[in-house]
Amino acid sequence: MKTSRALYLLAAVLTGNAGAASPSTGPCALSGPDFPAPKHPSDTAALKKTVTAFQQTVEASLKNSSSAVPLDAQGTTFSFEAWSIHEDAPIQTYHYDASGLSDPVEGVKKVTSDTTYRIGSLSKLFTVYTWLATDGYKHWNEPITKFIPELGAYDTKQDADANNIDHFRWSTITVGALASQLSGIQKDPSLPEALYTQLTPIPNLPASEDLPENAKGLNCTTYSFLACTRETYLNSILSSHPVYAPYYQPVYSDMAYSLLAFALENITGTPFPTIFENALIKPLSLSSTSYDAPKDLSNSIIPINDTYATFTLSLSYLQPGGGFYSSLNDLSAIGRSILTSSLLTPQLRSQWMKPAQFLADGASAIGAPWEIYQALGTNKTTWMYTKSGDLGKYSGYLVLLPDYDAGFTILAAGESASSVSRVLADVAATVFVPALEVAAKTEASQNLVGEYMGSFSNSTGDGKDTFEIALEVDDGPGLNMVNYTVNGVDMRDAFAQIYKVERNELQMRLYPSELTSPGPKETQLQGFRMIRYRPSTVAKAPQGAVFSSPRCQEWYNIGGYTSRNSYGLNGGLDEFAFVVAKGGKGEVTGLMVKTWDKVLQKVK
C-alpha cells in the first residue's frame, strides 16, 4: 500500500473524516470556501479529535519503524504547529527530539518553538513576500533588464533572436516570471569544470572549456564554491543556456530569487538584507529569522555538528533562494500575517495567492513561489498554498489553507529531515483539512442556520412587504435556502418559472463573498451571494463530456441578477448579507435582503 493511501485510510479511521474527492451528482461547489472560515475551530469536536489523532499517529510511528507513516525516531528532530488566524493560541504544537541527536557539538539539545532551523528554499517565499511588501506589483510585469544592467548588456552583445537555444533573451523575462518559476532559466549558476566533474561521476564526458575567470568562485568559502562577488555570480549565470522560453514551462530555479534581490536593491537603493529586515523581520517582530546565520548558535538546532548539518555555511548570492533561517514561531507568524493581510492589502494578497501554471497531474500548480496542492478528504476542491525548503540536514514546510483562515508549519533537522517533513505534512493535511471543513460547517449550522422573518411598510405606504427565509446546512455546498417567500410568493417557484423547470428541480444556495461593510447599531454586514442550481447543473456528466458537460458552470451566472435599474435600487436578487454583532462570539442577529434593503430578524 502506498504511503499516501495508508495515511488517508488511517486518518479516516482516527478522525471519522472520509470525504470523497468530489460528489458525482449534486450541486458543484464554487471555487473557494462554502462557509465562512471557523472563528473558534479549537472548540469543535472535529478539531479536538484531530489533535488527538495527529499526536497518536506521530507517536505510534516513532515507536514502530515499520509503520505506514515512516518517521526517523533516531536521527531526525522536528517541530510542528497547526494554527488559525482567529485564535491567539495554536491549535496544536508538537516537538520531537531525536535520541541520536541528544549530544550535539553546538546548539540546543531540546527544541522549542523559538529554536532556529535553517529553512532552505522556504527562503524563496520570504524573498517574494519582501518584494511585495516593499514594491507590490508596480514593477511585476517589467523586464528584469530594467533593474539589472548587466543582463541588458548581455542582450546587446548576443544575437539571441537568431540563436535562442544557446543565448538568453533577458529582455523577455519579467520580474513576475522569475518569482513564479516561469523564467526558463536553470536551477543554479554554472560550476567550475573541476568541481562539476568531481560531482558528476559520468565517464568519458566530452572535454569542455572551463568557465571564464570572471565567472569562477575563486577563493570563496561558500556552499558548493558558489561565486561570491556580484560580477562572478552574474557571469556564471550568463555562461549557461536557457532551459525554456519564458512562461513556456516551469523550471525550478534558485538563482531566479537572487536576481529578484538584485532588482529590488536597484529599485530601492538599499542592500537586500536590510530590505528584508525592514519589510518582514521588524514589522512582524520576528526574533529567530535572519538572512545570515545567527552569531549566537546557542538557540539553534545543529544535528551532530556544523559541518554535518550545513548550518552556518553561506550560499553567497543564493541566500534569497535557499539560505535563510527561522523558527516555528516565526514561520507561523509569517503565515498568519499573509492570511490576515497585515503587510499587504487584501487585494494584493489575493492576487498573490493564485496559480501561475497548473502542472501535468491537474491536482497541483505553481505560484510565486507557491507549491499548490489539492487536498484530500473534502467534498470539494480545496487548495493548499505551500512552500517547502531543503538544505543540508534541514527541511521544512509552510502550508496555508486560505479557505479556513488556517495553516500549519513544520521544521525538521537530521539525517531524514526531508522525508520526515513531507510525511508530517501528509499526515497534517490528511487529518486537519477535513476537520477544518467540519468546523466551518459546524459553526455555520450554529450561527447562520435558522429562520429569518420581517414585515415592513411597502414603498407606496399602503401595505406591508413580508419576508420569510429558512436556511439549512445539508450534504451539499453552501447554505441551502429551503424557503424564500416574499409577500406570499415562493421565490423558488418564481425562479423555476424563469428557467422553465419544476420547482423541486431547482436549488438555491448562499455562498460567502468575503465582502463586508458596517451594519446598523454596532454590527457588521457579511456579504453572501445566492446561486441557483438548475437540474442540468446537478446532473452527472456523461462519460467523456468536457465542453458539453453541465458540471461546475454556475460561476457564469454569479451576479446575473444584479442590475439596480431592473431588480431594485439597493442590490440584485442574489444579494444578501448577514448582520453580525461586533465583539464576543459574533452572534448573527439578522439577514439583509439587499434588493429591498430590509433586515429580517433571526427568529429560530
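Everything that follows concerns the structure shown earlier in this document.
Residue positions are given per chain, counted from 1 along the sequence in the order it is written. Since the coordinates come from a predicted model, pLDDT governs what is reported: local features require at least 70, and pairs of side-chain atoms require 80 or more to be given and counted, while whole-chain, interface and lining totals use all residues. To get the side-chain values, take all heavy atoms of the structure and skip hydrogens and water.

Peer 1: Quick question: what am I supposed to make of the overall build of the protein chain here?
Peer 2: The way it works is that DSSP assigns letters per residue, a run of H or I at least four long becomes a helix, a run of E at least two long becomes a strand, and they are numbered from the N terminus. For the protein chain, the count of helices and strands is 16 helices and 19 strands. Categorising residues by exposure relies on relative accessible area from a 1.4 Å probe, with only protein chains included: less than 20% of the type maximum marks a residue as buried, more than 50% marks it as exposed, and the intermediate range marks it as partly exposed. Relative to its full complement of 604 residues, the protein chain shows a buried share of 52%. Contacts between residues were defined by any pair of non-hydrogen atoms, one from each residue, lying within 4.5 Å. For the protein chain, the share of sequence-separated contacts (at least 6 apart) that also reach a separation of at least 24 residues comes to 66%. Method for areas: the Shrake-Rupley scheme with a 1.4 Å probe, in which residue coverage is limited to the protein chains shown. Here the protein chain displays about 26,800 Å² of accessible surface, and carbon together with sulfur accounts for 51% of that area.

Peer 1: Before we go on, may I ask you to explain the environment of Met592 in this structure?
Peer 2: Counting through the fold element by element, Met592 comes out in strand E18 (residues 588-593). Measuring from C-alpha to C-alpha, the distance between Met592 and Leu525 comes to 8.3 Å, with 67 residues separating the pair along the chain. Excluding residues within four positions of it along the chain, Met592 makes contact with Leu525, Glu575, Phe576, Ala577, Asp597, Lys598 and Val599.

Peer 1: What am I meant to see in the pattern of salt bridges here?
Peer 2: Two side chains that carry opposite charge are able to pair once their charged atoms sit near each other. Counted as salt bridges are all cases of a side-chain nitrogen of Lys or Arg within 4 Å of a carboxyl oxygen of Asp or Glu. All chains considered together, the criterion is met by 16 salt bridges. Among the ionic pairs, Glu150 bridges to Arg230, the shortest N-O distance being 2.9 Å. Highlighted residues: Glu150 in helix H4 (residues 149-157) and Arg230 in helix H7 (residues 230-238), separated in sequence by 80 residues. One network of salt bridges, with partners in common, ties together Lys124, Lys187, Asp188 and Asp254.

Peer 1: Explanation requested: the pairing of strand E19 (residues 598-602) in the structure shown.
Peer 2: Remark: a regular strand shows side chains that alternate across the two faces of the sheet. At least two bridges found by DSSP between two strands are what make those strands a pair. Examined bridge by bridge, strand E11 (residues 450-457) and E19 share two bridges and lie antiparallel to one another. What sits directly across from Met453, in E19, is Gln601. As judged from the four bridges shared by E18 and E19, these two strands associate in the antiparallel manner. Pairing of Met592 across the sheet is with Val599, part of E19. Connecting the antiparallel pair E18 and E19 is a turn made up of four residues, with Asp597 showing a positive phi of about 55 degrees.

Peer 1: Even after reading the chapter, I still don't get the sheet that holds strand E2 (residues 92-96), so can you show me in this structure?
Peer 2: The strands making up a sheet associate through hydrogen bonds between their backbones, and the pairing can be parallel or antiparallel. Read from one edge of the open sheet, eight strands run E2-E1-E10-E9-E8-E7-E6-E5, paired in antiparallel fashion. Only two strands of the sheet have a single neighbouring strand rather than two, namely E2 and strand E5 (357-358). To obtain each axis, a line is fitted to C-alpha atoms, and for helices this fit is confined to the stretch in contact; angles are then taken between N-to-C directions over 0 to 180 degrees. Sheet contacts for helix H14 (residues 417-447): strand E1 (76-84), E2, strand E8 (383-391), strand E9 (394-401) and strand E10 (406-414); angle to E10, the most-contacted strand, approximately 160 degrees.

Peer 1: Would you mind going over the pairing of E9 with me for this structure?
Peer 2: Counting buried residues in E9 gives eight out of eight residues, a clear majority hidden from the surface. Residue alternation in E9 divides its side chains into two sets, Tyr394, Gly396, Leu398 and Leu400 and Ser395, Tyr397, Val399 and Leu401, and both sets are buried. Pairing between E8 and E9: seven bridges, direction antiparallel. Looking across to E9, one finds that Tyr385 is bridged to Leu400. Once E8 ends, the chain turns through two residues before running back antiparallel as E9, passing Gly392 with a positive phi of about 55 degrees. Here eight bridges tie E9 to E10, and the two strands are oriented antiparallel to one another.

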